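Fold and contact review
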Amino acid sequence: ENTMIYSSLRTDKKEYIYEGDTNNALVRKMYIAKKENNEWKFVSEWDGPFNEEGYNTGNASITPDGKKIYFTRCKPNWQGKMICAIYVSELENGTWTEPLKLGKNINNPKYSNTQPAVSIDPVKKNEIVYFVSNNKEGKGGLDIWYFTYDVKKKMYKAPKNAGPKVNTKKDEMSPYFDNETRSLYFSSQGHPGLGGFDVYKAIGDEKKWLSAENVGAPINSGADDIFYTISKNREEGFLVSNRKGGVALKNETCCDDIYSYKYTQYIHVNIKGVIYTVENGTNKNLSDAIIEIYSKDKLT
């Protein structure tokens, strides 16, 4: 709630870079920011086995239990094309293990595989990881795919395309899965929008979805709006945008900045009580019961 892990192409000194010089280019790294007095402040590079010399590193996605992380490392191949691969690390005794690059069934070296977003299957408790790939078997451009990690067999299954309700002939990217509402948030250039990449929401799982809906303004703008996420408190979150008003380098829409948002009409419902069942005339507490509360408009 008070710590942000993010990726940035940042430096604390002047850098002179020649365009096309991939050998001496700056690389993105993962950093830490802390929230102090309701203000986010830069702390440092993230201490751990994640940032690798010569690789662009980012797109961290941590499992709900906080014990496993998926992230991306990217580097130009011999043709000069940026190729990304998905890695995984686990938290053991308070320390992250050396990252493991997932196998070729997921990281096909011919394509870029990036931006993992982990969710949990509510029935089998398997991990479902959505990610972005330019695999030619997709609908066109960048598509959102997913693979499953079988927790019992400890095995990664081959990726599948998330389907036409999500993917279009144009680019889709930056998936984020909200486990609480079983909703996939992602950005697209192919669905009707306000301009550039817009953020969309599709309810469902794997490749079974309801039609994607544009989340609308002010989250979306005429610029690119990507990497939408929801915070644990459900009232706020983050997105990345190159909309006017950000920190400009070459022009007013040149660069991607991190923005925070907050819902101004969030409804708080406080409930206190005990759930129990009656067995043989005796009340038995159900300490692990789950309650779902719905808000419904009054009929007029």
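Nothing here was measured: the structure is a model prediction, and the numbers come from that model. (Residues numbered from 1 in each chain as written. Predicted model: local features only at pLDDT ≥ 70, side-chain atom pairs only at ≥ 80, totals over all residues. Heavy atoms only, no water.)

What about the side chain of D198?
Structurally, D198 can be placed in strand β16 (residues 198–205). For D198, which is buried and forms no salt bridge, the nearest opposite charge comes from R243, at a distance of 7.7 Å. A polar contact is formed between the side chain of D198 and the backbone nitrogen of L194, at a distance of 2.6 Å. (Helix = DSSP H or I, 4+ residues; strand = E, 2+ residues; numbered from the N terminus. Buried < 20%, exposed > 50% of the residue type's maximum accessible area, 1.4 Å probe, protein only. Lys, Arg positive; Asp, Glu negative; His and termini not counted. Salt bridge = Lys/Arg side-chain N within 4 Å of Asp/Glu carboxyl O. Polar contact = N/O pair within 3.5 Å; in protein donor to acceptor, adjacent residues only side chain to side chain.)

Thoughts on a positive patch on the surface
On the surface, a cluster of positive charge is contributed by K124, K153, K157, K160, K207 and K208. We classify K160 as partly exposed; its relative accessible area is 45%. (Patch = residues over 30% accessible without salt bridge, like charges linked within 9 Å, V, L, I, M, F, W, Y side chains within 5 Å. Areas by Shrake-Rupley, 256 points an atom, 1.4 Å probe, with all protein chains shown as cover. Charge placed at Lys NZ, Arg CZ, Asp CG, Glu CD.)

Focus on the pairing of strand β14 (residues 172–178)
Where burial is concerned, most of β14 is hidden: seven out of the seven residues are buried. Pairing between β14 and strand β15 (residues 183–188): five bridges, direction antiparallel. Paired with F177 across the two strands is L184, which belongs to β15. Counting the residues in the hairpin turn of β14 and β15 gives four residues, including R182, whose phi is positive at 50°. (Pairing = 2+ DSSP bridges.)

Considerations on the pattern of salt bridges
Under the defined criterion, the tally for this structure stands at nine salt bridges. A salt bridge links R182 to D205, with the shortest nitrogen-to-oxygen separation between them at 2.9 Å. Taken together, the residues span a long stretch of sequence, with R182 in the loop between β14 and β15 and D205 in strand β16 at a distance of 23 residues. The class for R182 is buried, based on a relative accessible area of 17%. Ionic pairing is found between D225 and R243, a salt bridge with its closest N-O pair at 2.7 Å. Taken together, the residues span a long stretch of sequence, with D225 in strand β19 (residues 225–230) and R243 in the loop between β20 (236–241) and β21 (257–262) at a distance of 18 residues. According to the relative accessible area criterion, D225 is buried, its value standing at 0%. What emerges from the salt-bridge pattern is a single network uniting D178, E180 and R234.

Quick look at the state of the cysteines
Structurally, a disulfide amounts to a covalent bond that connects the sulfur atoms of two cysteines. On inspection of all chains with the given rule, the structure shows one disulfide. In this model, C74 is linked to C84 through a disulfide, with the two sulfur atoms separated by 2.1 Å. Since a negative S-S torsion denotes a left-handed disulfide, the C74-C84 link at about 105° is right-handed. Here C74 is found in strand β5 (residues 68–76), whereas its partner C84 is found in strand β6 (residues 82–92), with ten residues between them in sequence. Each of the two residues, C74 as well as C84, counts as buried. (Disulfide = S-S within 2.5 Å.)

Quick word on the sheet that holds strand β3 (residues 39–45)
Taking strand neighbours across the sheet as the criterion, the three strands line up as β1-β2-β3 in an open arrangement whose pairing is antiparallel. Because the sheet does not close on itself, it has two edges, and the strands there are β1 (3–8) and β3. Ignoring which end each strand starts from, the neighbouring axes of this sheet average 35° apart. (Axes fitted to C-alpha atoms, helices over the stretch in contact; angles between N-to-C directions.)

A look at unusual backbone geometry
Residue P218 is reached from A217 by a cis peptide bond, and omega for that bond is 5°. Position of P218 relative to the elements: it lies in the loop between β18 (213–214) and β19. Here the phi dihedral of N38 falls at roughly 65°; this positive angle occurs in a residue that is not glycine. In this fold, N38 is placed in the loop between β2 (29–36) and β3. With phi around 60°, N59 is a residue other than glycine that occupies positive phi space.

Take it as geometry only, folks, not as evidence of what the structure does.
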